[in-house]
Each structure stands twice: as structure tokens, then as C-alpha cells.
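In case you want the letters, here they are:
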Number of protein chains: 2
Amino acid sequence: MPASPPLADSTALIARIHALAARATPARIAVLRLLDEAERALSHREIEDALGTGFDRVTLYRVLDWLVESGLAHRVIDAGRVFRFSLASPANATHTAHAHFRCEACGKVFCLDEIPVPTPALPAGFSGKAVEYCITGQCARCDQSEQEK
Amino acid sequence: MPASPPLADSTALIARIHALAARATPARIAVLRLLDEAERALSHREIEDALGTGFDRVTLYRVLDWLVESGLAHRVIDAGRVFRFSLASPANATHTAHAHFRCEACGKVFCLDEIPVPTPALPAGFSGKAVEYCITGQCARCDQSEQEK
DNA sequence: ACCCTTATCGCAACAGAGTTGCAATTAAGA
DNA sequence: TCTTAATTGCAACTCTGTTGCGATAAGGGT
């Protein structure tokens, strides 16, 4: 187990929260930092485990709701009926399209920001807004460990 | 309330079930017929409501599980954390790709079988299998009723 | 038409993720 | 430092889906 990850600059995180006219509470700072350092979409459970017993379940749910409402994070639903959260990159804060990759082996969900999401033609009368694009398969790590067997 | 919908040929449905070496029970026939007539993906709740009080909750869950396991139906997860089911068209029984449209207003999910699902390039090491492609917006009916206001 | 076997069913109890109400706490502006 | 409204923590709840198990009935054989 490595030492605690290098602390991201708390001041910057606090500023980001204050910019939304919200209070910079420990729970918000901790969740924001965790998501900022994560390279994949995290579930409530994963966040709870990562942060230890310092915060109440419900507080974390509310922090996550707040993140989504304020546009700082995306919420996607996982095949296992759990929500996963990832920070919205400042550029695409207006979440028009977002691609994800879900590994069947480890269950983790990765954000594929760099993949362009095509906008398809819809049947008459239908107007599309957001496009959810999720690819299921094996991630790099699981694919590798499978070959080692 | 219109009269009961025209009964699809029960014999054909029963044959379809027998072809899987399974027993043609009333629950299976009813669910199969309902999904066959539905033009969109139905949730367990919608199926339960549509079929009335004749079947147990759990029985319907098990029928749906059986449909998915035997490849007769697809199961997709909805933004509201509920599973939705749609019959797999015999042609694409091997569910390679499938597109859906979810209406924000009425919550219904439509199958867009005719839309081609593009296969994107993945980061190194990742291997994709299934692609879930879901567009969120307003369906034809809700779009229309909104303009009438 | 009647039996058997066993796949299915129905009930009841459970599990997990997420939500709500409300009193206690605390961030942050005055 | 003081005030006050935004947040928190707790407890209880909802909802979707699952599991165990005895009872029922589909369908093949006689």
C-alpha cells in the first residue's frame, strides 16, 4: 500500500467550491480531491471506502448530488445499478457527450474524454440532447493479467 | 379503455418457448407476447402493471431473467436505476450493438434498431465487445404535446 | 386419460443503493 | 466574536431486485 497520495492543493479546491457560492466543507473538499485524482468514474461505495469513516453515507450522497447539480461532475449509471461519478473537465462542463468504458472483469468504469461521440440521425419527431456512449469489454490491466495466465 | 389487444398467435409463442427446451407457462407466454407487441423497452413495473395481478412479482423477474439468459431479450439499465427489457430481433440475436432513445419527459425507452452504432477506436490495451449507445431527449409524442401548450 | 418427474411458481424474507425529515453543527460574512 | 443559514449526522424509509423453499403444474411416457 503506497503512502497517501500527494495532496492536491487544497486552496485551489476551496476556490473552486467558493466560485459556486457554496461552502467549502471537509466533505466537499475530500470528495472533490478524490474525484480529481481518480482516472475513472467512482461509485458512492468506492468513495466511502477511500475516504474512511470520517463522513456519513448521506453526506457523501449529498455532496455528489451537489457536484452533479452544479455541473462539476457527471453521473452515469453502471450495469450493476449503481451511479458512478467523474469530474467534468472544465472544457466540456456543458456535458453534451461523454464516452465511457466499462471493464467486465474488474467492473471499473473509465472516462474516454478524447473519443469523439458521433451524433446519429433520429426518427422524425425525436429530438436528442445528451448522448451516452458506453463500451463494455476488457481494460488494459485485466486484458494483460489474463494473458499472463 | 379499448378492448384487449388482438391476441398474437399463442401457438407461435409457445413454439418459440419450446424451441428453447423450456416449459410454456402462462407467465412466459404473457410476457413474451407483451414484449413482442411493445415498441419500446419495458421495465418490470410496466410489465407487472400491464399484466394485472395474475402473476407474482418474483415470477416476472424470473421470466425476464430467463428471457435474457436464453437470448430472446436484451436488458438495458435505465437512468433511473431500473432494468428495461426488449425482445431481441431474431436477426441480431447476437447482441453486438444496440441503440436506445430515452425520453426525459415520459421516461420511456425506445429501441432504435435501425441506427448503426459506430465502433470507436479505443486506447491501447483496451478491447471492446459490446457498445451501449443511448440518446436522451424528447420523444415524438412528448415533443408534440409540449408545442401544444 | 393418468402418472411421474422436475421445471416453475408463489410466498416471505432479505439485500443494496439511494432518499427524506429534522434537530444539531459549523462555515463564513458582518 | 457573533449570527445565521447552509451542511451535517442520524434514523427511518423507499424502491428495485434477489434468494430459499415448499407447493404446483407442464409435458413426456404409459
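Our structure's up above, just so we're on the same page.
Residues numbered from 1 in each chain as written. Chains lettered and ligands numbered in written order. Predicted model: local features only at pLDDT ≥ 70, side-chain atom pairs only at ≥ 80, totals over all residues. Heavy atoms only, no water.

### Some remarks on the packing of aromatic side chains
And then number 1: Under the defined criterion, the tally for this structure stands at five aromatic pairs over all chains.
And then number 2: Ring geometry for F126(A) versus F101(B): centroids 4.9 Å apart, planes at 85°, classification edge-to-face. With F126(A) in the loop between β5 (109-111) and β6 (127-138) and F101(B) in strand β4 (residues 97-103), this pair bridges two chains. Comparing F126(A) with F101(B), the two get one shared label, buried.
And then number 3: Plain terms: the ring middles of F126(A) and F110(B) are 5.4 Å apart, the flat faces sit at 90° to each other, and that makes the pair edge-to-face. One end of the pair, F126(A), is in the loop between β5 and β6; the other, F110(B), is in strand β5 (residues 109-111), on a second chain.
And then number 4: Taking the relative accessible area as the measure of exposure, F126(A) reaches 18% and is therefore buried. (Phe/Tyr/Trp six-rings, centres within 6.5 Å; stacked < 30°, edge-to-face > 60°. Helix = DSSP H or I, 4+ residues; strand = E, 2+ residues; numbered from the N terminus. Buried < 20%, exposed > 50% of the residue type's maximum accessible area, 1.4 Å probe, protein only.)

### Here's the deal with the protein's contact with DNA strand D
And then number 1: Around DNA strand D, 23 residues are found, and the nearest of them are T59(A), R62(A), H18(B), A24(B) and F83(B).
And then number 2: Among atoms of DNA strand D positioned within 4 Å of the protein, sugar and phosphate together represent 60%.
And then number 3: The separation between a phosphate oxygen of DNA strand D and a polar side-chain atom of T59(A) is 2.6 Å.
And then number 4: Between R62(A) and DNA strand D, the recorded distance is 2.5 Å, taken from a side-chain N or O atom to a base oxygen.
And then number 5: No other element matches helix α4 (residues 57-69) of chain B, which puts four residues into the surface near DNA strand D.
And then number 6: Residue classes in the surface near DNA strand D are distributed as eight nonpolar, five polar and ten charged. (Near = heavy atom within 4 Å. Polar contact = N/O pair within 3.5 Å; in protein donor to acceptor, adjacent residues only side chain to side chain. Nonpolar A, V, L, I, M, F, W, Y, C, P; charged D, E, K, R; others polar.)

### A few points about the side chain of H44(B)
All names here are of chain B.
And then number 1: Structurally, H44 can be placed in helix α3 (residues 44-51).
And then number 2: Polar side-chain contacts of H44 include one of 3.2 Å to the backbone oxygen of R57.
And then number 3: Setting aside its immediate chain neighbours within four residues, H44 contacts R57, L60, Y61, L64 and F83. (Contact = heavy atoms within 4.5 Å.)

### Focus: the interface of chain B and chain A
And then number 1: Contact residues are listed per partner, giving 35 residues for chain B and 35 residues for chain A.
And then number 2: Across the chain B/chain A interface, buried area totals approximately 2800 Å², and carbon plus sulfur atoms make up 62% of it.
And then number 3: Ranking the residues of chain B by area buried against chain A places R81(B), F126(B) and Y133(B) at the top, with a combined share of 22%.
And then number 4: For the pair chain B and chain A, the number of links is zero salt bridges.
And then number 5: Summed over the shared surface of chain B and chain A, the number is three residue pairs in polar contact (both at pLDDT 80 or more).
And then number 6: Looking at the side of chain B that touches chain A, the elements that each hand over two or more residues are β6 (127-138) and α5 (140-147) of chain B.
And then number 7: At twelve residues, the largest contribution of residues to the side of chain B that touches chain A is made by β6(B).
And then number 8: Per-class residue counts for the side of chain B that touches chain A are 21 nonpolar, seven polar and seven charged. (Buried area = accessible area lost by both parts, 1.4 Å probe. Salt bridge = Lys/Arg side-chain N within 4 Å of Asp/Glu carboxyl O.)

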